[in-house]
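This is what each chain is made of:
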Amino acid sequence: MTSITWILITVSLLIITFLPRVGLIAIYKTYRAAHEREQVEDALKHLLDREQQGRHASPESLAGTLDVQRNQVMHLIETMETQGLLESRDAILNLTTEGERWAMHVVRAHRLWERYLTDEARMPLEKVHGESERREHSLTEAQLNDLDAALGHPMRDPHGDPIPTREGTLLKAEGMPLTSWQSEGPARIVHLEDEPALAFEQILAAGLRLGQTIRILDRNSQRILLTDGETEYRLAPAVAANVSVSALPESEIAKASAIPLVELQHDQRGEIVILDDAVQGFTRRRFLDLGLTPGTTIYPELQNFFGDPRAYRVRGTLIALRKDQAAQIWVKPV
C-alpha cells in the first residue's frame, strides 16, 4: 500500500472511532450510561420492594438481586448516595424521597408495559414480565402518562399487582397466600406471583388465572388440591404460596348463577351480571363504552362460519366480540 492509502485508512479509523454521537466511543458511552441507569433503577426497585414488605435492604441483598460482586455493589451504593437516592447506615439501605419517587416511576412503567403487552399486544402471560423488564427503563414521565391514558388508567397489572398512579400513590396489595387460606368457602385469586419464573410457569400450566373462583378440597405436606367447580388443580405448597386469594366479594357471588357470554346459545338471551376482574384498562373502558354494563340484555345474532369473532346484539347495536372477550363477560340466561 502507498503512504496515501495508509493515511486514508488511518483517517477513516479515527473518524469511525471519534465521530460525535455515532462513533465507536460515543456508542460505547451511550451503552455504558444506559447500563448504569438500568442498574440504578433495578436497585431502586429492590429497595422499594423491601420497604413495602416491611424489611430493610442491605448491600448483601442488593448484590444478590443484581447478581454483582460486593465491591461493585458498594460502588453503586456510593453513587446512589451521591445522587441523593438512598441513605446507608449500619449496613441498612433506605430510599430517600427522590429515590422513592424514581422507584415508583420504574414500577409504574413495568406494570403498565405488562398491561399493554397482555391486553393489546396479546403476548403470552409467561413472557410479559421479561419483556417489561427490558422496556421499563425507556420511558419518560410524559410518555408514561400517555401510555397510562391510552390503556384507560388500569388499576392493576395482569398478575394482580397494583399500578402506581402518576402522583406516586400505590394501593396496598390484597389477599394472602393460598397456603395461609384456612376457610372452606370459595376464594378469588387476586395475585399470581411471577417470580420465580419456574413456579409461575407451573401455575399457568395448571390453568389457574387471575379472578378465578376456587375452593380448597384437600391439603397436606405434599400438595394442595383445588377446584373451580369443574376442574381440579394440584399444586405443590411451594408453588401454591405464589397464588394469593381473598374472600369472595358479593359481585363474584353473583357468578354462581351466571355463565360466560361465550356459552350463550344462538337463540338465547342473557342479562349481563358482571365483567370479569381480568378485564382492565382500555378493554374494560371499551366494553363499558359499548354498553356492556350489569343489567343489560345481550344475545348472539349472527353466526360466523369460523366461529370467531361472534356478533351480539346489545342496546340495539350489533357488536363483534372474540371468544376470549366474550368469556370475560358473565351473563344470566333469561
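What counts, and where the lines are drawn
- Positions within a chain are numbered from 1, following the residues in the order the chain's sequence is written.
- Only residues with pLDDT of 70 or above have their local features reported here, since the model is predicted, and side-chain atom pairs are shown and tallied only from 80 upward, although totals for entire chains, interfaces and linings are computed over all residues.
- Excluding hydrogens and water, the side-chain figures rest on all heavy atoms present in the structure.
- For the purposes of this entry, the term helix denotes a DSSP run of H or I that reaches at least four residues, the term strand denotes a run of E that reaches at least two, and both are numbered from the N terminus.
- Pairs of residues are marked as contacts when any of their non-hydrogen atoms sit within 4.5 Å.
- Burial classification: accessible surface area is computed with a 1.4 Å probe over protein chains only, and a residue below 20% of its type maximum counts as buried, one above 50% as exposed, and the rest as partly exposed.
- The length a helix should cover is 1.5 Å for every residue beyond the first.
- Starting at the helix axis, one direction is taken to each C-beta atom, and the arc is that of these directions.
- Classification of ring pairs uses Phe, Tyr and Trp, with its six-membered ring standing for Trp, and accepts pairs whose centres are within 6.5 Å; under 30 degrees between planes counts as stacked, over 60 as edge-to-face, and the remaining range as tilted.
- By definition here, charges over rings are those cases where NZ of Lys or CZ of Arg is within 6 Å of the ring centre and within 35 degrees of the ring normal.
- A pair of strands counts as paired when DSSP detects no fewer than two bridges linking them.
- Lines fitted to C-alpha atoms define the axes, with helix axes restricted to the stretch in contact, and inter-axis angles between N-to-C directions lie between 0 and 180 degrees.
- Crossing handedness follows the turn of the near helix against the far one: under a right angle anticlockwise gives a left-handed crossing, and clockwise gives a right-handed one.
- When residues are grouped by polarity, Ala, Val, Leu, Ile, Met, Phe, Trp, Tyr, Cys and Pro land in nonpolar, Asp, Glu, Lys and Arg in charged, and all others, Gly among them, in polar.
- Any pair of N or O atoms that falls within 3.5 Å is considered a polar contact. Within protein, one atom must be able to donate a hydrogen and the other to accept it, and sequence-neighbouring residues count only if both atoms are side-chain atoms.

A separate point is the overall build of the protein chain. Counting its secondary structure elements, the protein chain contains 12 helices and 14 strands. In the protein chain, 60% of the contacts between residues at least 6 apart in sequence involve partners at least 24 apart.

Of note, the amide linkage connecting E195 to P196 takes the cis form, showing an omega dihedral of 5°. Within the element layout of this structure, P196 appears in the loop between β4 (187-192) and α8 (197-206). A positive phi is found at D90, a non-glycine position, where the angle reads about 55°. Mapping D90 onto the fold places it in the loop between β1 (86-89) and β2 (92-95). Given the relative accessible area of 73%, D90 is considered exposed.

For an α-helix, 3.6 residues make a turn, and residues three or four places apart therefore share a direction. The terminal C-alpha atoms of helix α4 (residues 70-82), which comprises 13 residues, lie 18 Å apart, in line with the 18 Å expected from a rise of 1.5 Å per residue. Those residues of α4 that sit buried are V73, L76, I77 and M80. Down the axis of α4, the sector holding all buried residues measures 100°, keeping them to one side. For α4, exposure combined with an orientation more than 90 degrees from the buried face picks out N71, H75 and T82. G84 lies just past α4 and shows a positive phi near 75°.

Turning our eyes to something else, we now look at the packing of aromatic side chains. How two aromatic rings sit relative to each other is given by the distance of their centres and the angle of their planes. Across all of its chains, the model carries one aromatic pair by this definition. Ring geometry for W113 against Y116: centres 5.8 Å apart, planes inclined by 80°, an arrangement best described as edge-to-face. Here the residue W113 and the residue Y116 both occupy positions in helix α5 (residues 97-119), the gap between them amounting to three residues, near one helical turn. Residue W113 is classed as buried on the basis of its relative accessible area, which comes to 12%. Taking NZ or CZ as reference, R135 lies 4.8 Å from the ring centre of W113, over its face. Between R269 and the ring centre of Y299, over which it is positioned, the NZ or CZ distance is 4.0 Å.

A word on the sheet that holds strand β11 (residues 297-302). Ordered in space as β9-β14-β10-β11-β12-β13, the six strands form an open sheet in which the pairing is antiparallel. Edge positions in the open sheet fall to β9 (259-260) and β13 (317-321), since each of these has one partner strand only. Bridge count for strand β12 (residues 310-314) against β13 is five bridges, and the pairing is antiparallel. When the sheet's bridge partners are listed, Y312 is paired in β13 with I319.

Take the side chain of S244 next. Mapped onto the elements of the fold, S244 is located in strand β8 (residues 243-247). Leaving out residues up to four positions away in the same chain, S244 has contacts with E174, M176, P177, R188, I189, V190 and H191.

The next point concerns helix α7 (residues 141-150). Three or more residues of α7 are buried, namely L144, N145, L147 and D148. One side of α7 holds all its buried residues, which, seen down the axis, span an arc of 160°. Directly beyond the C-terminal end of α7, a positive phi value near 85° is found at G152.

Packing of α5 against α7 leaves a shortest axis separation of 10 Å and a crossing angle of 35°. Classified by chirality, the crossing of α7 by α5 is left-handed. On α7, the residues touching H105, R108, A109, L112, W113 and Y116 of α5 are E141, L144, N145, L147 and D148. Each residue belonging to the contact of α5 with α7 can be placed in one class, and the counts come to six nonpolar, two polar and three charged.

This part is about the environment of D276. With respect to the helices, strands and loops of the structure, D276 is situated in the loop between β10 (270-275) and α11 (281-289). The exposure class of D276 is buried, given its relative accessible area of 6%. In this structure D276 touches L210, G211, K255, R284, Q328 and W330, once residues within four positions along its chain are discounted. A distance of 3.2 Å separates polar atoms of two side chains, one belonging to D276 and the other to W330.

What the six strands build is an open sheet, ordered β3-β8-β4-β5-β6-β7; its pairing is antiparallel. At either end of the open sheet lies a strand with only one pairing partner, and these are β3 (176-177) and β7 (232-235). With four bridges joining them, strand β6 (residues 224-227) and β7 adopt antiparallel strand pairing. Across the sheet, I224 pairs through a bridge with L235, a residue of β7.

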